[in-house]
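Fold and contact review
Listed below are the residues making up each chain.
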Amino acid sequence: MHALTEKQVRRSLVNCSRGEAEGMTLPRTFAETPWEELVVLGWRDPKAPLRGYLVVEREGRPVGVAVRAADTRMSSGTPAMCLLCQTAQAGSDVSLFTARRAGEAGRNGNTVGTYVCADLACAVRAREEIPPWLRERDPEEVAAERTAELEQRVHGFLDAVLR
């Protein structure tokens, strides 16, 4: 992913108003973002804990979506899987996120949802957390595959938001 400015991130959001985009809070560590290691930038809004954002490059430009976490979480004793990075975790570490659809559909209240890492740090997990059944393979190769698959699934989610 190419380095983005705060302005580019705010303008990338396709499913919220300009006012909502201006009101979002970027991650505290935005200036230190390791852009070359990311295929998707994801974070929870520190000032609005149920809000989060995912930004990905699409056709050479950033495209982002605002998401909202469910009010409740699963039990930590319940196993769950993020459907973007496909990392198995405790249920408390995965949350249902919904995104308002772009355009008129979103203004009419239509949403799309999926289960995602509660902290939206899927890009880090895809690169660093190797599932047990893949540990015998080359870690760099596995990380590259998981990252590419993550990018495809994020684009699929984005397609659903844009429909």
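Residues numbered from 1 in each chain as written. Predicted model: local features only at pLDDT ≥ 70, side-chain atom pairs only at ≥ 80, totals over all residues. Heavy atoms only, no water.

It is worth spelling out the sheet that holds strand β7 (residues 111-117) at this point. Taken in spatial order, the five strands of this open sheet run β1-β2-β3-β6-β7, and their pairing is antiparallel. Each having just a single partner strand, β1 (40-44) and β7 make up the two edges of the open sheet. Between one strand axis and the next, the sheet turns by 30° as a mean value, whatever way the strands run. Both β1 and strand β2 (residues 51-58) contribute to a ladder of five bridges, which runs antiparallel. Bridging across to β2, Leu-41 finds its partner in Val-55. (Pairing = 2+ DSSP bridges. Helix = DSSP H or I, 4+ residues; strand = E, 2+ residues; numbered from the N terminus. Axes fitted to C-alpha atoms, helices over the stretch in contact; angles between N-to-C directions.)

With that settled, consider unusual backbone geometry. You will see that Glu-59, though not glycine, has its phi angle at about 55°, which is positive. Looking at the secondary structure, you find Glu-59 in the loop between β2 and β3 (61-69). With a phi close to 60°, Leu-120 is a non-glycine residue in the positive phi region. With respect to the helices and strands, the residue Leu-120 is situated in the loop between β7 and α4 (122-128).

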